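What follows is each chain in one-letter form.
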Amino acid sequence: MLEKSLKNTKNNQVKDRYEMKIWVDADACPVVIKDILYKAAERVELQVIFVANQFLRLPPSRWIKFIQVAHGFDVADNEIVTRLNAGDLVITGDIPLAAEVIDKGGYALNHRGELYTAENIRECLNMRDFMDTLRSSGIETGGPSALSQSDRQSFANHLDKFLNKHAKSG
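Residues numbered from 1 in each chain as written. Predicted model: local features only at pLDDT ≥ 70, side-chain atom pairs only at ≥ 80, totals over all residues. Heavy atoms only, no water.

(A) Here's a closer look at helix α4 (residues 95-103). Among the residues of α4, Ile-95, Leu-97, Ala-98, Ala-99, Val-101 and Ile-102 are the ones counted as buried. The N-cap of α4, judged by a side-chain oxygen 2.9 Å from the amide nitrogen of Leu-97 a few residues on, is Asp-94. Two residues or fewer after α4 comes Gly-105, characterised by a positive phi angle close to 95°. (Buried < 20%, exposed > 50% of the residue type's maximum accessible area, 1.4 Å probe, protein only. Helix = DSSP H or I, 4+ residues; strand = E, 2+ residues; numbered from the N terminus. Polar contact = N/O pair within 3.5 Å; in protein donor to acceptor, adjacent residues only side chain to side chain.)

What follows is the structure, encoded as structure tokens:
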């Protein structure tokens, strides 16, 4: 009887084990990055949740979900932060969102494959604020360059490396 009880406890622990999710700040996510994420969701059998304020057409999959939020400043970001669990991964190019994710114990990866960390996020925020100050004073800073093939490959490689290390390791 004790043996059966221990076996049931072990099975429940496995069943109740939290599996990380990938949250996607989808309004500004490039299509090619979404495509990489669709494939990763199927390959790794991991929930990927796209959050946007406009409807997204997603491929049918039990692993791919969509949450549509109201229009408004930072509504999608706030939804992600509210639902995020420690250990989840967020795909975003939004540095303030990445900082909130890290503060909550999550991970943040941008579209070019850069993993934001507790060590580098403050520097990224400072650079973002500096560039914003330059723009608001009338200095043309230009925007980010278009996503290149090497950026796409870097994103795919860093995502795979991250998933190999973190997915289903419970």
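(B) Seen up close, the environment of Lys-65. The residue Lys-65 is located in strand β3 (residues 64-68) in this model. Through-space distance from the C-alpha of Lys-65 to that of Val-51 is 8.7 Å; in sequence the pair is 14 residues apart. With sequence-adjacent residues up to four places away left out, Lys-65 is seen in contact with Gln-47, Val-48, Ile-49, Phe-50 and Leu-58. (Contact = heavy atoms within 4.5 Å.)

(C) Representation of the pairing of strand β1 (residues 22-25) within the structure. Burial of the side chains of β1 extends over both faces: Ile-22 and Val-24 are buried on one face and Trp-23 and Asp-25 on the other. Note: β1 against strand β2 (residues 48-52), four bridges, orientation parallel. If you follow Ile-22 over to β2, its bridge partner there is Val-48. Looking at chain direction, β1 and strand β4 (residues 89-91) are connected through three bridges and run parallel. Its bridge partner lying in β4, Val-24 is registered against Ile-91. (Pairing = 2+ DSSP bridges.)

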